[in-house]
Amino acid sequence: MPLVTLDRSPPPFFKQGPSAFTRLMFFSALAIFLMVADARWRVTQPLRAVAATVLHPLQSVMLAPQSWWAEAGHYMSGLQEARHAQLAAQKQAADQSERVMRVDQLVRENARLRELLSLRPRIEVHSLAAEVLYDSPDPFTRKVVIDQGSSHGVVLGSPVIDESGVLGQVTRVYPLTAEVTLVTDKDAAVPVVNSRTRQRGVAYGTPQVLGMELRFMAGNADVQVGDELQTSGLDGIYPAGLPVARVAKVDRRADSAFARIVLVPRSQPDNSRHVLLLQPVSDQLPERPGEASAMAASAPASAASHHVKAESSAHAGHRANTARAAASVAASGAKP
Amino acid sequence: MMPRGSPLLMPVNPVFIWVTLLLAFALNLIPMGRTGAVPDLLAVALVFWNVHQPRRVGVGVAFAFGVFMDVHQGALLGQHALAYTLLSYSAIAVHRRLLWFTVGSQAVQILPLFIAAHVVSLLVRLIAGAGFPGWTLVVAPLMEATLWPVVTFLLLAPQRRAPDRDKNRPL
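Procedures and definitions
- Residues numbered from 1 in each chain as written.
- Chains lettered and ligands numbered in written order.
- Predicted model: local features only at pLDDT ≥ 70, side-chain atom pairs only at ≥ 80, totals over all residues.
- Heavy atoms only, no water.
- Core = buried A, V, L, I, M, F, W, Y, C linked by side-chain atoms within 4.5 Å.
- Buried < 20%, exposed > 50% of the residue type's maximum accessible area, 1.4 Å probe, protein only.
- Helix = DSSP H or I, 4+ residues; strand = E, 2+ residues; numbered from the N terminus.
- Contact = heavy atoms within 4.5 Å.
- 1 Å grid on protein atoms, 1.4 Å probe; cavity = no way out; pocket = protein on both sides within 12 Å on 5 of 7 lines; lining within 4 Å.
- Points joined across faces, edges and corners; volume = space filled by probe spheres on them.
- Nonpolar A, V, L, I, M, F, W, Y, C, P; charged D, E, K, R; others polar.
- Phe/Tyr/Trp six-rings, centres within 6.5 Å; stacked < 30°, edge-to-face > 60°.
- Pairing = 2+ DSSP bridges.

Points about the nonpolar core
Turning to step 1, where the next piece is worked out: Core analysis: the biggest nonpolar cluster contains 39 residues, and Leu-21, Leu-46 and Trp-148 of chain B have the highest contact counts within it.
Turning to step 2, where the next piece is worked out: Those elements that provide at least two residues to this core are helix 2 (45-62) of chain A together with helix 1 (14-29), helix 2 (41-52), helix 3 (59-73), helix 4 (79-98), helix 5 (103-127) and helix 6 (139-156) of chain B.
Turning to step 3, where the next piece is worked out: Among the elements that take part in this core, helix 2 of chain B stands out by supplying 9 residues, more than any other.
Turning to step 4, where the next piece is worked out: Ignoring sequence-local partners within four residues, the contact set of Leu-46 of chain B consists of Leu-21, Val-57, Val-61, Ala-62, Phe-65 and Tyr-84 of chain B.
Turning to step 5, where the next piece is worked out: In terms of nonpolar packing, the next biggest core, distinct from the first, is built from 22 residues, Ala-203, Leu-214, Ala-221 and Leu-229 of chain A among them.

Spelled out as structure tokens, the structure:
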């Protein structure tokens, strides 16, 4: 009888390679090195891109159960609901057609007036449609992954909108997919303007509360519940005039110089399926003034602008947004 | 040496190890929404093979799978790699003792390992500047430890087959 119950190769007595502890030390050091390289130096993007491309076939296969689930849900919801949805969509289209026609006319009128005043033409924004593949499972952040990547022409820093408002910003681009940081992420900041009072501010993501928060507004600032906030367009990333959020709660406290203003995002950060990627506005703006003219300006100002420029060219992320928006807020605050 | 009364197992098929690890990884890729309460099946499978076959599945394998998990989640690169490395080392460190216990006691003894892995992930992210994601995180290690008996049954099944099949023992 063959000895099938025995492993044919007995464990080697002496040649067992490095001990588990040595390996632990080596790989822990490697992991910590990777983290520093990722968080501080931001040099791991090529490694990520390679790994993401290798993973992509497996990921798309494993998305199938989710789409089956969604398909089953749609099938169950049935014909009746589809009819209702169609009627609602037709009604909405009829409502909007009148406005669309008027907008068309207004755009032409605006162009003529701008020509008359010899102003620069407004920036046109190019867009790219995409579909949300899945919510990133990382519980520490608020991100989604979309099905368009650098091979489709997605650029880092592009604003992303859904049908009702600003959804977020592309913060990582892979060859076939891209990661979008939602406006509700802790690190996200959108420069906004209150459409009623034209007061500028910066909306930050707060994942714990309703979604966003308008920070650094004075305790007696004119902000009311129900105010609509739009992008201000000052950051060079988001085009001006996109709806961002609505004021849900204003909490004026005696112990703080700032009011606590809670916002509800206009977009659906957790339910969006089809989204639109816009080209960052800064790509179409003229070049910033060169170093020579920056030198001519006062020293601290040039240092600040250099810092902002370096940041934005480094990763075009929300930090640059924050810095510029904060600068603009400071400027508007300084003006009487 | 092995505990008295435990069945003599067939040698493991290396292909089976890799297939189960890849399957656990693929199951981890299914989008389940953004919550901390989803058990990490890959971690359970890695710990299982670290305990049962420490010579075949070691710390390096855990590290490599961790890097791929990081890329998939868009997390800090190295976060899962570090957690899995520590998990794998602790599993190898306890593997001689652990197999003397019943499966239920094994699950209780393996629970601190999973908790430690999640705490390491949490600490790394808090140091890197993320916010605290909420107490649902506590559920994940508990579920992973609960899965231990199931995983033991499933992954040991091929080794429990009879060496010589006959009419009474078809498998």
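Thoughts on empty space enclosed by the protein
Turning to step 1, where the next piece is worked out: Evaluated as defined, the whole model comprises 1 cavity of 30 Å³ or more.
Turning to step 2, where the next piece is worked out: For the largest cavity, the calculated volume is near 40 Å³.
Turning to step 3, where the next piece is worked out: Considered class by class, the residues forming the lining of the largest cavity number 6 nonpolar, 4 polar and no charged.

Quick word on the packing of aromatic side chains
Residues and elements named next belong to chain A.
Turning to step 1, where the next piece is worked out: All chains considered together, the criterion is met by 11 aromatic pairs over all chains.
Turning to step 2, where the next piece is worked out: Relative to Phe-216, the ring of Tyr-204 has its centre 6.1 Å away and its plane inclined at 90 degrees; by these criteria the two rings are edge-to-face. In this pair, Tyr-204 is assigned in strand 7 (residues 200-206) and Phe-216 in strand 8 (residues 211-218), connecting sequence segments 12 residues apart.
Turning to step 3, where the next piece is worked out: Here Phe-216 falls in the partly exposed class, since its relative accessible area comes to 49%.
Turning to step 4, where the next piece is worked out: Taken together, a centroid distance of 5.7 Å and an interplanar angle of 80 degrees make the contact between Phe-216 and Phe-258 edge-to-face.

What to know about the pairing of strand 2 (residues 143-146) of chain A
All names here are of chain A.
Turning to step 1, where the next piece is worked out: Of the two faces of strand 2, both are covered, the one formed by Lys-143 and Val-145 as well as the one formed by Val-144 and Ile-146.
Turning to step 2, where the next piece is worked out: Relative to strand 2, strand 1 (residues 127-135) is paired through 3 bridges, and the arrangement is antiparallel. Its bridge partner lying in strand 2, Val-132 is registered against Ile-146.
Turning to step 3, where the next piece is worked out: Note that strand 2 and strand 5 (residues 178-182) share 4 bridges and pair antiparallel. Within strand 5, the residue paired with Lys-143 across the bridge is Thr-181.

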